[in-house]
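What the coordinates show
The chain contents come next:
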Amino acid sequence: MSLLEITDLAISAGDLPLVDGVTLDIQAGEIVALVGESGSGKSLTALSVIGLLGEGLDITRGQIRFDGATYLGAEAQDMARIRGRDLSMIFQEPVSSLNPLMPIGAQVAESLIAHGVTSASAAKDAAIDMLDRVGIPDPKRRAEQLPAELSGGMCQRVMIAAALISQPRLLIADEPTTALDVTIQAQILDLIADLAQEDGTAVLMITHDMGIVAEMADRVCVMYGGRVVEQGAVDAIFSAPRHPYTSMLLRTIPRLDHPPKQELFAILGNVPSPKNWPQGCRFKTRCDRQSTACDIAPVLTGDYHHRTACFHPLSEM
Amino acid sequence: MTALLELQDLKVHWPGRGAGWGNAVPVTRAVDGVSLTIQVGETVAVVGESGCGKSTTGNAALGLAPITDGKIFFDGRDLSLLSKQERRDLWQEMQVVFQDPVAALNPRLTVARAIAEPLVIHGWSAAHVAKRVDELMALVGLNADQRDRRPMALSGGQRQRVVIARALALSPRLVICDEPVSALDVSIQSQILNLLLRLQRELGLSYLFISHDLSVVRHIADRVCVMYLGVIVEEGPTAEVFARPQHPYTQALLSAIPRPDIVRRGRKERILLQGDLPSPLAPPKGCPFASRCIKAQAACNRSRPPLEQRAAHRLVRCFYPNSV
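You'll find chain B entered in an unreviewed UniProt entry as Peptide/nickel transport system ATP-binding protein, with Epibacterium ulvae given as the organism. Per UniProt, the comment on chain B under Sequence similarities (unreviewed entry) is "Belongs to the ABC transporter superfamily." Turning to chain B, the UniProt annotation filed under Subcellular location (unreviewed entry) states: "Cell inner membrane".

As annotated in an unreviewed UniProt entry, chain A carries the name Peptide/nickel transport system ATP-binding protein and comes from Epibacterium ulvae. Listed in UniProt under the heading Subcellular location (unreviewed entry), the comment for chain A reads: "Cell inner membrane".

Moving on: the interface of chain A and chain B. With 51 residues of chain A at the interface, the matching set in chain B holds 42 residues. Interface area for chain A against chain B, summed over the two sides, is near 4,000 Å², with a carbon-plus-sulfur share of 51%. Contact with chain B buries surface across chain A, with Glu215(A), Leu256(A) and Lys261(A) losing the most and accounting together for 21% of the total. The tally of links from chain A across to chain B stands at one salt bridge. In this assembly, chain A and chain B are joined by 22 residue pairs in polar contact (both at pLDDT 80 or more). Of all the secondary-structure elements, those providing two or more residues to the side of chain A that touches chain B are α7 (152–164), α8 (182–199), α9 (210–216), α10 (234–239) and α11 (244–252) of chain A. Here the element with the most residues in the side of chain A that touches chain B is α8(A); it accounts for eight residues.

Core analysis: the biggest nonpolar cluster contains 71 residues, and Ile115(B), Ile164(B) and Phe209(B) have the highest contact counts within it. Per-element tally for this core: the top contributor is helix α7 (residues 186–203) of chain B, with seven residues. Among residues more than four places away in sequence, those in contact with Phe209(B) are Thr43(B), Val44(B), Ala45(B), Val46(B), Cys177(B), Pro180(B), Leu193(B), Leu196(B), Val216(B), Val217(B) and Ile220(B). Counting residues in each nonpolar core, the second largest holds 66 residues, with Leu98(A), Val108(A), Leu171(A) and Ile184(A) among its members.

Residues and elements named next belong to chain A. Closest axis-to-axis distance for the α7/α8 pair is 10 Å, and the angle between their directions is 10°. The angle between α7 and α8 places the two elements in the roughly parallel class. Of the two possible hands of crossing, α7 and α8 adopt the one that is right-handed. On α8, the residues that touch Gly153, Gln156, Arg157, Ile160 and Leu164 of α7 are Ile184, Gln187, Ile188, Leu191, Ile192 and Leu195. Considering only residue class, the contact of α7 with α8 consists of seven nonpolar, three polar and one charged.

Further remarks concern the packing of aromatic side chains. Residues and elements named next belong to chain B. On inspection of all chains with the given rule, the structure shows seven aromatic pairs over all chains. Relative to Phe289, the ring of Tyr228 has its centre 5.1 Å away and its plane inclined at 85°; by these criteria the two rings are edge-to-face. With Tyr228 in strand β9 (residues 223–228) and Phe289 in the loop between α10 (248–255) and α11 (298–302), the pair connects residues that are 61 residues apart, well separated along the chain. Accessibility expressed as a relative area gives 1% for Phe289, which makes it buried. Here the aromatic rings of Phe319 and Tyr320 are separated by 6.5 Å at their centres, their planes lie at 70°, and the arrangement is edge-to-face. Judged by relative accessible area, which is 32%, Phe319 ranks as partly exposed.

Before going further, it helps to spend a moment on the domain arrangement of chain B. Residue and element names in this part refer to chain B. For chain B, the assigned domains read domain 1 (5–93 + 173–246 + 306–316) and domain 2 (103–171). One C-alpha centre belongs to domain 1, the other to domain 2; they are set 26 Å apart. Listed as interface residues are 16 residues of domain 1 and, on the opposing side, 11 residues of domain 2. The contact between domain 1 and domain 2 buries some 1,100 Å² in all, and 68% of this surface belongs to carbon and sulfur atoms. For the pair domain 1 and domain 2, the interface holds zero salt bridges.

Taken as a whole and assessed by the stated rule, the structure comprises zero disulfides over all chains. Among the cysteines around Cys155(A), which has no disulfide bond, Cys52(B) carries the closest sulfur, lying 20 Å off. The thiol sulfur of Cys177(B) is not disulfide-bonded, and the nearest other cysteine sulfur, from Cys225(B), lies at 15 Å.

Another aspect to go through is the sheet that holds strand β3 (residues 43–47) of chain B. All names here are of chain B. Across the sheet, which stays open at both edges, the eight strands sit in the order β6-β7-β8-β3-β9-β10-β12-β11 with mixed pairing between neighbours. With one partner strand each, in any of the chains shown, β6 (94–97) and β11 (308–311) form the two edges of the open sheet. Strand-to-strand twist of the sheet, defined as the mean angle between neighbouring strand axes without regard to direction, takes the value 25°. Here β3 pairs with strand β8 (residues 206–211) via five bridges, running parallel. Its bridge partner being in β8, Val47 is matched across the sheet by Ser211.

Scanning the entire structure with this criterion turns up 29 salt bridges over all chains. Look at the salt bridges and you will find they share partners, linking Asp8(A), Asp20(A), Arg61(A), Arg227(A) and Arg282(A) into a network.

Quick look at the packing of helix α4 (residues 104–114) of chain A against α7(A) now. All names here are of chain A. Where α4 meets α7, the closest approach of the two axes is 7 Å, and the angle between their N-to-C directions is 25°. Relative to α7, α4 is oriented roughly parallel. Read as a crossing pair, α4 and α7 show a hand that is right-handed. Packed against α4, whose contacting residues are Ile104, Gln107, Val108 and Ser111, the element α7 presents Val158, Ala161 and Ala162 at the interface. Taken together, the residues of the contact of α4 with α7 break down into five nonpolar, two polar and no charged.

Conventions used here
- Residues numbered from 1 in each chain as written.
- Chains lettered and ligands numbered in written order.
- Predicted model: local features only at pLDDT ≥ 70, side-chain atom pairs only at ≥ 80, totals over all residues.
- Heavy atoms only, no water.
- UniProt positions renumbered as here; feature names shortened; annotations may be inferred.
- Contact = heavy atoms within 4.5 Å.
- Buried area = accessible area lost by both parts, 1.4 Å probe.
- Salt bridge = Lys/Arg side-chain N within 4 Å of Asp/Glu carboxyl O.
- Polar contact = N/O pair within 3.5 Å; in protein donor to acceptor, adjacent residues only side chain to side chain.
- Helix = DSSP H or I, 4+ residues; strand = E, 2+ residues; numbered from the N terminus.
- Core = buried A, V, L, I, M, F, W, Y, C linked by side-chain atoms within 4.5 Å.
- Buried < 20%, exposed > 50% of the residue type's maximum accessible area, 1.4 Å probe, protein only.
- Axes fitted to C-alpha atoms, helices over the stretch in contact; angles between N-to-C directions.
- Parallel < 35°, antiparallel > 145°, perpendicular 65-115°, else oblique.
- Left-handed = near helix turned anticlockwise from the far one by under 90°.
- Nonpolar A, V, L, I, M, F, W, Y, C, P; charged D, E, K, R; others polar.
- Phe/Tyr/Trp six-rings, centres within 6.5 Å; stacked < 30°, edge-to-face > 60°.
- Domains from an automatic or database assignment.
- Disulfide = S-S within 2.5 Å.
- Pairing = 2+ DSSP bridges.

Next comes the structure, spelled out in structure tokens:
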């Protein structure tokens, strides 16, 4: 049984569909990357899992099951019970996600105390241990400091410590390293991978960086225009992408082993906003393989290892 | 041959927080002695992590940051010796493209008016302006029917094209590009990089390309300067530096790039750095990188290594660099 199962999830803002039929599952201990550009619906999908969709956004269809129990539309109370304990989230901007007036140790300990797991003093000790584990030097002294006294990379590690202290079974990481420098990013990614391996935590990693996907994830789910266009094992998708969007995306990235100053492959057109999504396949206006068949929305076909939503997929070489 | 742009031992020091309270004024050494040259038609990239001084270097060249010490030459002319009017004329030849096109464009101006603005300021006639705007829009790949759109009605890539068209309005010879594709969607970045490369070929432009994205820099730059804590730690032809980095910081930086390549999976060859960048308020007396360097020896903390030539066209600031 999967730890998390999302089935046919749709999210709208009023009449405007933003996520349209996402199906995704994660096993314990697995790292799944959710990839897409702005407006693809990747962050909304993640927020709906943790019950943090903003005002004016509604789930209009579908099901989310965690550990076998449906909790979509669950009472706010039930949601609060598992959020922060079984389910945690790391956001992109550590500085805006931490309370500027609260010592970092107390912020890390907060979820343990809120869930009544331990006493306040035991929680404090646990927080210092956790800060040490995420690589904060001198954690005892640092625990008393405010976020403003720490660098951005350290704040991100504090947020990871706060997310992991209750040993969640699922960690959702929304672009956890986008705001960080590449050497700090490497530290944070290694940390997440180690924790997933040691504690068996499942990770849903939202990113637009195909490099991070290739190095971190077991499986990947590529979104475009609010829908999943391709999903499966990272090896399968990187070695033989079948959806034209995935294939083109992989070809546009400048690579370290390509000849410099040559024209890069470019995808024509622009990322459409939800108001301007085309009928049928949403990538068709930028696709070189489109036909009249694409006026109807394709559904995902294939097996667990590799699924694609395209009428004209690239065949395996 | 005279370089188009030459920075000589450029320093930009900002008064730090706590200034003016009777204490010794702390100084942030944002740029602490940077020398670099850009030839006509050349792209020189400045790379490094946040706080290393790469953007301040670009801003100082543009006259947007006060220079504490050092000299800037444009086409052989010392900028500090020019009159106000001469400097203003010179700015026609040096333009900038910033990271965020939303912030760079006035939301109330249409595409045509935004592009026309520098021309109007420089006293072009209405007829000439209209003709030049058409030329520029075609040059950067904007459709004529987008003339009367406002920035919010455009996509991110189109907005950056408007910013580029405006930068090119007065036919500059040097464009300073500060993270020009970082705010764009992945599928749009290659369009803009191709545009920058084509404009360089067609117009003979020189670029000072400031970026933290090493894959992009590897693709677009002829030479690269790696900065750390206000100084250049390594400089050389891009292909050389990427193939055989000599400074331990460059090595760590390059090893940390996540590569979209499953062949490398599981083979972690990253050099993991410990700790964070030291504060530019109190840079170490010795090598600025010593506190995070895996090769640091006692000598590294005693004095600062000079930027020395280690091979043809290769400069490295390290006592113990890798030999080529």
